[in-house]
Amino acid sequence: SAWFGALGSVAIGFHGVFEHGAVDKHGNSLWSGRWPLWYAGRPFSGMLTGVMTYVLLRVASGDAPDLYVTIAAAFIFGTQENLFFRFLSRIAKVIVSTDEPHAGDS
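Reference entry: report on the structure contained in this document. (Residues numbered from 1 in each chain as written. Predicted model: local features only at pLDDT ≥ 70, side-chain atom pairs only at ≥ 80, totals over all residues. Heavy atoms only, no water.)

### Description of the packing of aromatic side chains
Link 1 in the chain: This model, assessed by the stated rule, comprises three aromatic pairs.
Link 2 in the chain: Centre to centre, the rings of Phe77 and Phe84 are 5.7 Å apart; their planes meet at 65°, and the pair counts as edge-to-face. Phe84 matches Phe77 in its accessibility class, with the two residues each being buried.
Link 3 in the chain: Residue classification places Phe77 among the buried residues on the basis of a relative accessible area of 10%. (Phe/Tyr/Trp six-rings, centres within 6.5 Å; stacked < 30°, edge-to-face > 60°. Buried < 20%, exposed > 50% of the residue type's maximum accessible area, 1.4 Å probe, protein only.)

Written out as structure tokens, the structure is:
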């Protein structure tokens, strides 16, 4: 799952490069040195996402998740970090729930 998370993050990185050219319509550079760290870090964050996808699917199902479901989810979450964080939030609400009212609740 780690490798498929990394693969998904590389795929979305390539998509970003191909979708958004390095030069705007006026010939100005769009990269301006701020993107290299993001592209270099994406495979590592994708690997972490892939590992956590396996762990979270295991927690959610209570058993070892299906291999193909795991690698597909890891790839998808590797491409979509916002989707992964929404999934993480949903799992957290199940695992770390309390019966106490939150501040501001009546």
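### Digging into a nonpolar patch on the surface
Link 1 in the chain: A cluster of nonpolar side chains, contributed by Val51, Tyr54, Val55, Val59, Val94, Ile95 and Val96, occupies part of the molecular surface with about 610 Å² of accessible area.
Link 2 in the chain: Only α2 (36-61) and α4 (81-95) provide two or more residues apiece to the nonpolar patch.
Link 3 in the chain: Among the elements that make up the nonpolar patch, the one with the highest residue count is α2 (four residues).
Link 4 in the chain: Position of Val55 relative to the elements: it lies in helix α2.
Link 5 in the chain: Val55 gets classed as partly exposed once you look at its relative accessible area, which sits at 34%. (Patch = residues over 30% accessible without salt bridge, like charges linked within 9 Å, V, L, I, M, F, W, Y side chains within 5 Å. Areas by Shrake-Rupley, 256 points an atom, 1.4 Å probe, with all protein chains shown as cover. Salt bridge = Lys/Arg side-chain N within 4 Å of Asp/Glu carboxyl O. Helix = DSSP H or I, 4+ residues; strand = E, 2+ residues; numbered from the N terminus.)

### Concerning the pattern of salt bridges
Link 1 in the chain: Enumeration over the complete set of coordinates arrives at one salt bridge.
Link 2 in the chain: Between Glu81 and Arg42 there is a salt bridge, with its nearest N and O atoms 2.6 Å apart. Taken together, the residues Glu81 in helix α4 and Arg42 in helix α2 connect sequence positions 39 residues apart.
Link 3 in the chain: Owing to a relative accessible area of 32%, Glu81 belongs among the partly exposed residues under this scheme.

### Some thoughts on helix α3 (residues 67-79)
Link 1 in the chain: In this model α3 runs 19 Å from its N-terminal to its C-terminal C-alpha over 13 residues, within 8% of the 18 Å that 1.5 Å per residue would give.
Link 2 in the chain: Buried residues of α3: Thr70, Ile71, Ala73, Ala74, Phe77, Gly78 and Thr79, and no others.
Link 3 in the chain: Sitting at the head of α3, Asp66 places a side-chain oxygen 3.1 Å from the backbone nitrogen of Tyr68. (Expected span 1.5 Å × (residues − 1). Polar contact = N/O pair within 3.5 Å; in protein donor to acceptor, adjacent residues only side chain to side chain.)

### Describing the packing of α2 against α3
Link 1 in the chain: Where α2 contacts α3, the two axes come as close as 8 Å, and the packing angle between them is 140°. In terms of axis orientation, α2 runs oblique to α3. Considering the relative orientation of α2 and α3, their crossing is right-handed. On α3, the residues touching Arg42, Thr49, Gly50, Thr53, Tyr54 and Leu57 of α2 are Thr70, Ala73, Ala74, Phe77, Gly78 and Thr79.
Link 2 in the chain: Broken down by class, the residue content of the contact of α2 with α3 amounts to five nonpolar, six polar and one charged. (Axes fitted to C-alpha atoms, helices over the stretch in contact; angles between N-to-C directions. Parallel < 35°, antiparallel > 145°, perpendicular 65-115°, else oblique. Left-handed = near helix turned anticlockwise from the far one by under 90°. Contact = heavy atoms within 4.5 Å. Nonpolar A, V, L, I, M, F, W, Y, C, P; charged D, E, K, R; others polar.)

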